[in-house]
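Now for the letters of each chain:
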Amino acid sequence: MKLPSTPAAIRLFRALAIAEAFSWAALLIGMFLKWVTRTTELGVEIAGPIHGAFFIGYGISALTLWKMQRWPFRAALFAGLSAVFPFATIGFERWAGRQGYLDVPAGKGTPTPARQTAGT
């Protein structure tokens with residue numbers, strides 16, 4: 001299986017961290033409407049699957065970056081745990097960025113120049 005480029009994987013991870021947090025918010029609102037106000041289950045029916053998809057996508061992207069960036073186990077563990085607690089994925093993404101886990105290694109983010117042929 002071919003992995004995406006490192007910069008693309010990092011961008012996807014950052015986007016999924018934010019999307020997962022927003023889907024948590026939508027799911028919490030849906031659960032409030034369902035269980036507290038007892039007005040509708042529609043919020044849970046819509047936000048539940050969306051949050052589930054973002055949760056799985058975030059987990060897969062974290063595992064991909066763990067392999068690509070050679071994160072220590074501690075960083076991968078924190079990434080996984082952050083998906084369990086509401087809004088923690090944004091905190092983890094910020095922490096991982098400050099720690100350098102989301103930096104592109106030298107030479108991985110720039111495309112190689114095309115070879116010039118003789119006489120051009």
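Our subject is the structure that appears above.
Here the residue index of a chain counts from 1 through its sequence in written order. Totals for whole chains, interfaces and linings use all residues, but because this is a predicted model, local features are given only for residues with pLDDT of at least 70 and pairs of side-chain atoms are given and counted only at 80 or more. Excluded from the side-chain calculations are hydrogens and water; all other atoms, namely the structure's heavy atoms, are used.

Chemist: Can you walk me through a nonpolar patch on the surface in this structure?
Modeler: Patches were defined on residues exceeding 30% relative accessible area and lacking a salt bridge, with like-charge contacts within 9 Å and nonpolar side-chain contacts (Val, Leu, Ile, Met, Phe, Trp, Tyr) within 5 Å. Each accessible area is a Shrake-Rupley result for a 1.4 Å probe, and residues are judged covered by the shown protein chains and nothing else. The salt bridge definition used is simple: a Lys or Arg side-chain nitrogen within 4 Å of an Asp or Glu carboxyl oxygen. The grouping of Phe 55, Ile 56, Ile 60, Leu 63, Trp 66, Phe 73, Leu 77, Phe 78, Leu 81, Val 84 and Phe 85 at the surface amounts to a nonpolar patch, some 1100 Å² of accessible area in total. The way it works is that DSSP assigns letters per residue, a run of H or I at least four long becomes a helix, a run of E at least two long becomes a strand, and they are numbered from the N terminus. Examining the composition of the nonpolar patch, we find that five residues originate from one element, helix H2 (residues 42-69), more than from any other. The classification of residues rests on relative accessible area computed with a 1.4 Å probe and restricted to protein chains. Under 20% of the type maximum is buried, over 50% is exposed, and intermediate values are partly exposed. Since its relative accessible area comes to 55%, Phe 73 is described here as exposed.

Chemist: Can you walk me through the nonpolar core in this structure?
Modeler: Looking at soluble globular proteins, one finds that nonpolar side chains tend to be buried together. Residues belong to one nonpolar core when they are buried, are Ala, Val, Leu, Ile, Met, Phe, Trp, Tyr or Cys, and are joined through side-chain atoms within 4.5 Å. Of all hydrophobic cores here, the largest spans 18 residues; its most connected members are Phe 13, Tyr 58, Leu 65, Trp 71, Phe 92 and Leu 102. Residue assignment for this core shows that the elements contributing at least two residues are helix H1 (6-36), H2, helix H3 (73-82) and helix H4 (88-99). With five residues, the top contributor of residues to this core is H1. The contact partners of Leu 65, leaving out residues within four places of it in the chain, are Ala 9, Ile 10, Phe 13, Arg 70, Trp 71 and Leu 102. Note on contacts: a residue pair qualifies if any of its non-hydrogen atoms lie within 4.5 Å across the two residues.

Chemist: Got a minute to help me understand the packing of aromatic side chains in this structure?
Modeler: Remark: the centre distance and the inter-plane angle together describe each pair of aromatic rings, the angle taken between the planes. Two rings from Phe, Tyr or Trp (for Trp, the six-membered ring) form a pair when their centres are within 6.5 Å of each other. A pair whose planes differ by under 30 degrees is stacked, one over 60 is edge-to-face, and the rest are tilted. Under the defined criterion, the tally for this structure stands at nine aromatic pairs. Judged by centre distance (5.8 Å) and plane angle (75°), the ring pair of Phe 78 and Trp 95 falls under edge-to-face. Taken together, the residues Phe 78 in helix H3 and Trp 95 in helix H4 connect sequence positions 17 residues apart. You can call Phe 78 partly exposed: its relative accessible area is 35%.

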